[in-house]
Amino acid sequence: MKYKSVKVILLLFFLSIFLFNCQFFKNKEQKEELTTSERVEDEEEEIFTEIRKHVYIIKKEIHYYKDPKGETEKEWVYYLGDRLNVTAQSAHFYKVEDNETRFVRKEDTGNYEDIILTKEELEASSTFLIENDKDAMDKEVTNFSRYFSVSLISHEEYLTELKNKYVFLTEDTLAITKKDKMLILPCKDTLVKLKDIDPQDESVEDDMDMAIYDYIGKVDLLNQYVIRGSYFEAGDYFFIDKDTGKKTSLIGKPFLSPDGKYIVCLNMEEMDGVGYISLYEMVGKTTFKLKTKVEAIISYWLPYDWGKEPIFFSKKGYLYASMNPSGCYYDSEGANSQRKYVKIRIK
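The structure contained in this document is the topic of the report that follows.

Here is what the cut-offs are and how they apply
- All residue numbers here refer to positions counted from 1 along the written sequence of the relevant chain.
- For a predicted model such as this one, the threshold for reporting local features is a pLDDT of at least 70, and the threshold for listing and counting side-chain atom pairs is 80 or more; totals across whole chains, interfaces and linings nevertheless cover every residue.
- Excluded from the side-chain calculations are hydrogens and water; all other atoms, namely the structure's heavy atoms, are used.
- By the convention used here, strands pair only if DSSP detects at least 2 bridges between them.
- Put simply, DSSP H or I for four residues or longer makes a helix, DSSP E for two residues or longer makes a strand, and each gets a number counted from the N terminus.
- In protein, a polar contact requires one atom able to donate a hydrogen and another able to accept it; more generally it is a pair of N or O atoms within 3.5 Å, and residues adjacent in sequence count only if both atoms are side-chain atoms.
- Residues are treated as being in contact if the distance between any of their heavy atoms lies within 4.5 Å.
- Burial classification: accessible surface area is computed with a 1.4 Å probe over protein chains only, and a residue below 20% of its type maximum counts as buried, one above 50% as exposed, and the rest as partly exposed.

**Let's talk about the sheet that holds strand E7 (residues 109–110)**
1) Next: On the basis of which strands lie adjacent, the open sheet formed by five strands has the order E6-E5-E4-E1-E7 and antiparallel pairing. Each edge of the open sheet is held by one strand with a lone partner, namely strand E6 (101–105) and E7.
2) Next: Taken together, the five bridges between strand E5 (residues 93–97) and E6 define a ladder with antiparallel strand orientation. Residue pairing in the sheet places Glu 97 in a bridge with Thr 101 of E6.

This is the structure in structure tokens:
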């Protein structure tokens, strides 16, 4: 009986050694195959042929290369929507001329139609300027989803809703004109005077003092004038109360929601190439007063707040706009005629 037990133990021992060796050689073969595959890919010569075309980056961000075989540095980056001038291609790479010769993987690029922004990217923000009337520059944020829901839509839907545009602004720009570079706004209790400081005027010593004011129109529902201010490398919009003459500053052109409860600003600051989205809530009971719910920087796209395709509220309560990632906001002719379209819902 004892002999039989020993025999069984020895049998199990040799069987375990056999199985171990089988697995070892199997793993070794797989490793050798993988190493060989990687070696073939590494040793494969990238042969380039001349080609002239444009492609777009279709990922959030990608690293580019100094040469197809070289290492990349973290700061060598292209971003979603960047438009690249391709001069040659190989099996895996495009050669790009962008002040210097660079190389990008083909799998990271595509046509304009291949640029797809996810809901996460549409609502992404890394910076709030103001939140609930308080400075929020130091607050860590990732999105403005608490305040807005943003969705991609078709050009056809944009054009359909444009026919149902909610009109809140009376653009009677000839009613109030400048005299001697001054806007005079008649209010019930006072006269508001806005004097231009024009850097072309010889009396202006410092261009940084520039301030040019333009009357945009009036919002009778709110009893407010709308003024655009243009400054040295900056700009803004503001309300002037038609009774008191009080000024209420905004980050961009105001859009009144159809229910009359909110003001939304959606704009692009050309000097720094940054897009902003802002939400202001009506809180005044007897007098006009706004609460700044949020002023946020948009991470991945820029709205077109000028030109033939306007930003507007539809009567259904959605804000509509055309936009693009920053890398293809402009083309060689100016504003890119190829565009994406969004609708925005206040939460």
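**Notes on the side chain of Ser 322**
1) Next: Along the chain, Ser 322 turns up in strand E23 (residues 319–324).
2) Next: Within the structure, the side chain of Ser 322 is placed 3.1 Å from the side chain of Arg 339, a separation counted as a polar contact.
3) Next: Contact partners of Ser 322, with chain neighbours within four places excluded, come to Tyr 158, Leu 302, Pro 303, Tyr 304, Glu 309, Arg 339, Lys 340 and Tyr 341.

**With respect to the side chain of Thr 292**
1) Next: Its place among the elements puts Thr 292 in strand E20 (residues 290–298).
2) Next: Residue classification places Thr 292 among the buried positions, given a relative accessible area of 12%.
3) Next: Not counting residues within four places of it along the chain, the set of residues in contact with Thr 292 comprises Ile 130, Glu 131, Asn 132, Asp 133, Leu 279 and Tyr 280.

**Describing unusual backbone geometry**
1) Next: Phi is positive for Asn 99, close to 70 degrees, though the residue is something other than glycine.
2) Next: Along the chain, Asn 99 turns up in the loop between E5 and E6.
3) Next: Relative accessible area serves as the criterion here: at 87%, Asn 99 is assigned to the exposed category.
4) Next: The residue Asn 223 is not glycine, and still its phi comes out positive at about 60 degrees.
5) Next: By the secondary structure assignment, Asn 223 is in the loop between strand E13 (211–219) and strand E14 (224–231).

Just distances and angles here, no functional claims.
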